[in-house]
Amino acid sequence: MKKILFYSLFMAVTVLFAQCGDGTATNGSTSSSNASSISGTIANASNLKVFLDKSLPMSNTNRPIASADLDGNGKFSMTTKKPIEGGMYRLRVGAKKYFLALSKGDDGVNINADLNAATPYDYSIKNSSTGIEFQNAAKEWATGQINSQNIAEKTANLGAIPSMFLASKVMLKDSSDEGIAFHKAVNKKLAKELPGSDYANDYGKLLTTLDQPIRIGKVAPDIRLKDPNGKEYALSDLKGKVVLLDFWASWCRPCRISSPKLVELHKKYNKRGFEIFSVSLDRANAKDRWEKAIKDDGLDLWPYHVSELNHWNGQAHQQYDVRGIPATFLLDKEGKFVKTKFNPLQTNAEELGKEIEKY
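Conventions adopted
- Residues numbered from 1 in each chain as written.
- Predicted model: local features only at pLDDT ≥ 70, side-chain atom pairs only at ≥ 80, totals over all residues.
- Heavy atoms only, no water.
- Helix = DSSP H or I, 4+ residues; strand = E, 2+ residues; numbered from the N terminus.
- Rg over C-alpha atoms; globule rule 2.2 N^0.38 Å.
- Buried < 20%, exposed > 50% of the residue type's maximum accessible area, 1.4 Å probe, protein only.
- Contact = heavy atoms within 4.5 Å.
- Areas by Shrake-Rupley, 256 points an atom, 1.4 Å probe, with all protein chains shown as cover.
- Pairing = 2+ DSSP bridges.
- Polar contact = N/O pair within 3.5 Å; in protein donor to acceptor, adjacent residues only side chain to side chain.
- Axes fitted to C-alpha atoms, helices over the stretch in contact; angles between N-to-C directions.
- Core = buried A, V, L, I, M, F, W, Y, C linked by side-chain atoms within 4.5 Å.

Engineer: What is the right way to look at the overall build of the protein chain in this model?
Structural biologist: Each helix and strand in the protein chain was counted, giving ten helices and 15 strands. Relative to a compact globule of 359 residues, whose C-alpha radius of gyration would be 21 Å, the protein chain shows 31 Å and is clearly more extended. Viewed in the frame of its principal axes, the protein chain has a C-alpha envelope of about 105 × 55 × 30 Å. Counting across all 359 residues of the protein chain, residues that qualify as buried make up 45%. Long-range pairs, those at least 24 residues apart, make up 63% of the contacts in the protein chain between residues at least 6 apart in sequence. A total of about 18,900 Å² of accessible surface is found on the protein chain, and carbon and sulfur atoms cover 51% of it.

Engineer: Looking at this model, I keep getting lost on the pairing of strand E2 (residues 49-56). Mind explaining?
Structural biologist: Across the eight residues of E2, six count as buried, placing the element largely inside the fold. Both E2 and strand E3 (residues 61-69) contribute to a ladder of eight bridges, which runs antiparallel. Residue pairing for E3: Val50 is matched across the bridge by Ala68. In sequence, E2 turns back onto E3 through a hairpin of four residues, with Asn60 there showing a positive phi of about 55 degrees. Inspection of the sheet shows E2 paired to strand E5 (residues 87-93) by five bridges, in the antiparallel sense. Looking at the pairing, Ser55 lines up with Met88 of E5.

Engineer: Just checking my understanding: could you explain unusual backbone geometry for this structure?
Structural biologist: With the exception of glycine, most residues fall at negative phi, and the peptide bonds are largely trans. The step from Ile325 to Pro326 runs through a cis peptide bond, and the omega angle for that step is 5 degrees. Mapped onto the elements, Pro326 comes out in the loop between helix H9 (316-319) and strand E14 (327-331). Non-glycine residue Asn44 carries a positive phi angle of around 65 degrees. Structurally, the position occupied by Asn44 is in the loop between strand E1 (37-43) and E2. A residue is classified by how much of its surface remains accessible, and Asn44, at 53% relative accessible area, is exposed.

Engineer: Explain the side chain of His266 here, please?
Structural biologist: The topology assignment puts His266 in helix H7 (residues 253-269). A relative accessible area of 6% places His266 in the buried class. Polar side-chain contacts of His266 include one of 2.8 Å to the side chain of Glu275. Not counting residues up to four positions away in its chain, the partners in contact with His266 are Phe274, Glu275, Ile276, Leu301 and Trp302.

Engineer: What is the right way to look at the sheet that holds strand E8 (residues 123-126) in this model?
Structural biologist: Where strands meet in a sheet, backbone hydrogen bonds hold them as pairs that are either parallel or antiparallel. Reading across the sheet, the four strands line up as E4-E1-E7-E8 and stay open at both edges, with mixed pairing between neighbours. Each of the sheet's edge strands pairs with one partner strand only, and the pair in question is strand E4 (75-79) and E8. Here the strands of the sheet are splayed against their neighbours by 15 degrees on average, with no regard to which way each runs. With six bridges joining them, E1 and strand E7 (residues 109-114) adopt parallel strand pairing. Opposite Ser39, over in E7, you have Asn110 as the bridge partner.

Engineer: So what exactly am I meant to see when it comes to the nonpolar core here?
Structural biologist: One broad trend across soluble globular proteins is that nonpolar side chains are buried collectively. In this structure, Ile38, Ile42, Val50, Phe76, Met78, Leu91 and Leu190 are the most contacted members of the largest nonpolar core, which totals 51 residues. Contacts of Leu190, omitting those with residues within four sequence positions, involve Ala160, Ile161, Met164, Pro195, Tyr199, Ala200 and Tyr203. Grouped together as the second largest cluster of nonpolar side chains are 46 residues, Leu225, Trp248, Phe329 and Val338 included.

Engineer: It is not clear to me how the environment of Phe134 should be interpreted in this structure. Could you clarify?
Structural biologist: Considering the arrangement of structural elements, one finds Phe134 in helix H2 (residues 129-142). Phe134 has contacts with Met88, Phe99, Leu100, Ala101, Tyr121, Tyr123, Pro162 and Phe165, leaving out every residue within four places of it along the chain.

Read these as spatial facts, not as claims about activity.
If you want it as structure tokens, here you go:
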């Protein structure tokens, strides 16, 4: 009876430990289906510690997922707790970092580097096709071979992660039409190769932020309204000219204070193809005050004075996301934004003049 009881207890303990194991491996362990192994050598780094971090470049965050001790020859072997997920990673020894990319399920990856390497991309990597592709692209970028002019061509046949990395280095804040087209192509790759990942989600947020109707390089939404005499003017009619689109009102003191600056700009640049299109946010019962302000401030140098006479309830300022006045926008001869929503009072006239002269 005692033998039976002892045997039963032994089997129960055995089963308990079998169920509670988390599959975590330690230095030098052999990888299993629930983990991935990474090994290699880092020259000039004997007896130090090496870490593997998961990186999210869009949000500039890093999370350690594995570590190992380097032996006297700089060799190491580490095993992750879970299989490698496709994405960006970095191998870290002290302040030294080596940036790499790995594919989902990569195992047996081998990395050889030198603590005195010139760049974070100077290493050799085996058993990861994404890692090799990424390293080649990163080296090209680091040596100036990839820039904003050729990045679309260079990434056309690259996977999502290398493309995302290059985008973060070269095109991160580019909201031009060409830039948005490029970002959409990278976003499509991420959605296809890494659906639901932090990379796809973060890049989608970036694209939403950049792809706004009011942004540099985008054609300005048209405005078609009437002047005090009932004559209709359209912003689009001024294509072929550099245009300063100005939202203002007769009751707005800062707007009135900025009037002399606008007058001077018109006098100086009008004969060179510069025009001003003024949209007033005056009320319906203030039409006479609007007309008087135009005359008193000398704004009648240009005919393009229009208004809905609907104060903050109008539509024109809303489509330009104008929440305070004065608010001005500079458009090139194709009607595209080159400078968005700035206060003329807070803008250096000479610098603004240089912007106008560019176009």
